[in-house]
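Fold and contact review
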Amino acid sequence: ALALLTRPRAARVPLKGRHVFITGGSSGIGLAMATAAAREGARVSILARNLARLEDARAAIQRDSGRDDVGVHAADVRDAGAVARALQEAGPVDVLVCNHGVFVPQELEGQDVDEIKWMVDINLMGSFHLIKAALPAMKARTRETRLPGSIAIMSSQAGQVGIYGYTAYSASKFALRGLGEALQHEVIADNIHVSLIFPPDTETPGLEEEHKRRPELTNIIAGSSGGMKADDVAKKALDGIKSAKFIVPCNFEGAMLAVATAGLSPQSSPLMAFLEVVGAGLMRFAAICFQWNWFSTIESYYAKKKKSE
Ligand SMILES: NC(=O)C1=CN([C@@H]2O[C@H](COP(=O)(O)OP(=O)(O)OC[C@H]3O[C@@H](n4cnc5c(N)ncnc54)[C@H](OP(=O)(O)O)[C@@H]3O)[C@@H](O)[C@H]2O)C=CC1
Ligand SMILES: CCCCCCCCCCCCCCCC(=O)[C@@H](N)CO
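Read on for an overview of the structure. (Residues numbered from 1 in each chain as written. Chains lettered and ligands numbered in written order. Predicted model: local features only at pLDDT ≥ 70, side-chain atom pairs only at ≥ 80, totals over all residues. Heavy atoms only, no water.)

**Some points on the sheet that holds strand β2 (residues 43-48)**
Whenever strands of a sheet pair, they do so through backbone hydrogen bonds, lying parallel or antiparallel. Taken in spatial order, the 7 strands line up as β3-β2-β1-β4-β5-β6-β9 in an open sheet, and their pairing is parallel. The sheet is open, and its two edges are formed by β3 (71-74) and β9 (247-249), each paired on a single side. Along the sheet, successive strands turn relative to each other by an average axial angle of 20 degrees, direction set aside. For strand β5 (residues 149-154) and strand β6 (residues 192-198), the ladder comprises 6 bridges, and the chain directions are parallel. Bridge pairing links M154 to I197 in β6. Sitting on the sheet, helix α3 (residues 51-65) is in contact with β2 and β3, with an inclination near 165 degrees to β3. Lying over the sheet, helix α5 (residues 113-145) contacts β1 (19-23), β4 (95-98), β5 and β6, oriented at roughly 170 degrees with respect to β4. (Pairing = 2+ DSSP bridges. Helix = DSSP H or I, 4+ residues; strand = E, 2+ residues; numbered from the N terminus. Axes fitted to C-alpha atoms, helices over the stretch in contact; angles between N-to-C directions. Contact = heavy atoms within 4.5 Å.)

This is how it looks when you write it as structure tokens:
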């Protein structure tokens, strides 16, 4: 029965010979995705702010993939005009990957409201600017090529569960979930599939930077999901995009998290739908165990702190 019910209908999004536009493609997960997509025969364009890093990334992608047609676009995703110009220059996109993101963890009380606004502007508003600028040409493209398009949005496991130190970051990533679910209704008629990617901590320059400021409790709680290499996250992300999956977990904890937070997200796979239906209760139990563990950790952390004061 589920096989008849799962929507949107399953689809395959080919990358070979198609135009893949990746923001944040000069570093970390974005660079790994751009390299993997180029290796699969896609024409890749990458966008970021810093041109020197973009040029270095282009050289690396071309060296690792043997392609010589990587496009680079220097723009700040907060600037809607600059984003529109970059997409104009890049030409019609088949697969848009909104991967850019910044993350500065801190307790809300101590965090500067400007830093909160900065994260939301880049992570959330930046994605709005990109999708708005790319959509018209993407729709024309899917009609012209009769091939499915994809809009992939890089969330995080912190976009599925809010944890200590991530009030601003989780808010910006949870917002992308609402964007993605609503957008999928709006673009399915044009054969465009939305994919949300949910990685755990991933070894990137961004994570290295984050570790300099991350509160101890954030380290402990985020550590519940282990860590991954950027190349492995990139592979999971591209596989999810190619199979037009709406929720793309990247590790085992992420798969559990995806079932626990399935909500009303679209599900194209009858098998996954079956697992979500039968696994929901069990995963909720697992979630309650994780929260028990996290609140116990927080409790003892503050008890110890009080004793030492
Ligand atoms: N690393 C991790 O632990 C995890 C990361 N993620 C998410 O993955 C994505 C990539 O993270 P990661 O690879 O670690 O990050 P990095 O810091 O390594 O790279 C971030 C990329 O985004 C670009 N970027 C940042 N701000 C802007 C902006 N305002 N306009 C345009 N480009 C921008 C950077 O280039 P430039 O500075 O030149 O603009 C860079 O290319 C983010 O969305 C992050 O939230 C999710 C889960 C885990
Ligand atoms: C139902 C059972 C649940 C399974 C366990 C779930 C554990 C989730 C812990 C939260 C991990 C948050 C990582 C954030 C990574 C990130 O985004 C930062 N590095 C900034 O980019």
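**With respect to the site of ligand 2**
Around ligand 2 lies a shell of 21 residues, among which S156, Y166, Y169, D201 and E210 are the nearest. At a separation of 2.7 Å, an oxygen atom of ligand 2 approaches a polar side-chain atom of S156. A distance of 2.7 Å separates a nitrogen atom of ligand 2 from a polar atom in the side chain of D201. In isolation ligand 2 exposes 610 Å². Once the protein is present, 96% of that is buried. Put simply, the parts of the chain that give the shell around ligand 2 at least two residues each are α7 (205-211), α8 (216-222), α10 (252-260) and α11 (270-308). Partitioning the shell around ligand 2 into residue classes produces 14 nonpolar, 3 polar and 4 charged. (Near = heavy atom within 4 Å. Polar contact = N/O pair within 3.5 Å; in protein donor to acceptor, adjacent residues only side chain to side chain. Areas by Shrake-Rupley, 256 points an atom, 1.4 Å probe, with all protein chains shown as cover. Nonpolar A, V, L, I, M, F, W, Y, C, P; charged D, E, K, R; others polar.)

**Quick notes on the nonpolar core**
Counting 49 residues, the largest nonpolar core has F21, L96, L130, I131, I151 and L183 as the members making the most contacts within it. In terms of residues, this core owes the most to one element, α5, which gives 9 residues. A37, A57, V72 and I241 belong to the second-largest nonpolar core, a separate cluster that totals 36 residues. (Core = buried A, V, L, I, M, F, W, Y, C linked by side-chain atoms within 4.5 Å. Buried < 20%, exposed > 50% of the residue type's maximum accessible area, 1.4 Å probe, protein only.)

**A word on a nonpolar patch on the surface**
On the surface, a nonpolar cluster with roughly 490 Å² of combined accessible area is contributed by L271, F274, L275, V277 and V278. Tracing the sequence through the fold places V277 in helix α11. Accessibility expressed as a relative area gives 59% for V277, which makes it exposed. (Patch = residues over 30% accessible without salt bridge, like charges linked within 9 Å, V, L, I, M, F, W, Y side chains within 5 Å. Salt bridge = Lys/Arg side-chain N within 4 Å of Asp/Glu carboxyl O.)

**Concerning unusual backbone geometry**
At the junction of R7 and P8, the peptide bond is cis and its omega measures out at -5 degrees in the coordinates. Topologically, P8 is positioned in the loop between α1 (2-5) and β1. Phi is positive for R146, which is not a glycine, with a value near 55 degrees. Here R146 shows up in the loop between α5 and β5. Of note in the backbone geometry, A244 takes a positive phi value of approximately 50 degrees without being a glycine.

**Let's talk about the site of ligand 1**
Around ligand 1 there are 31 residues in total, and S27, R49, R53, Y169 and T204 lie nearest to it. Here H100 contributes a backbone N or O atom positioned 3.1 Å from an oxygen atom of ligand 1. Between ligand 1 and T202, the relevant distance is 2.8 Å, taken from an oxygen atom to a main-chain nitrogen or oxygen of the residue. Expressed as a share of its isolated accessible area of 880 Å², the protein-covered part of ligand 1 is 95%. Breaking the shell around ligand 1 down by element, the ones donating at least two residues are α2 (28-39), α6 (167-187), β7 (201-203) and α7. Of all the elements, α7 adds the most residues to the shell around ligand 1, at 3 residues. Here the residues of the shell around ligand 1 sort into 13 nonpolar, 13 polar and 5 charged.

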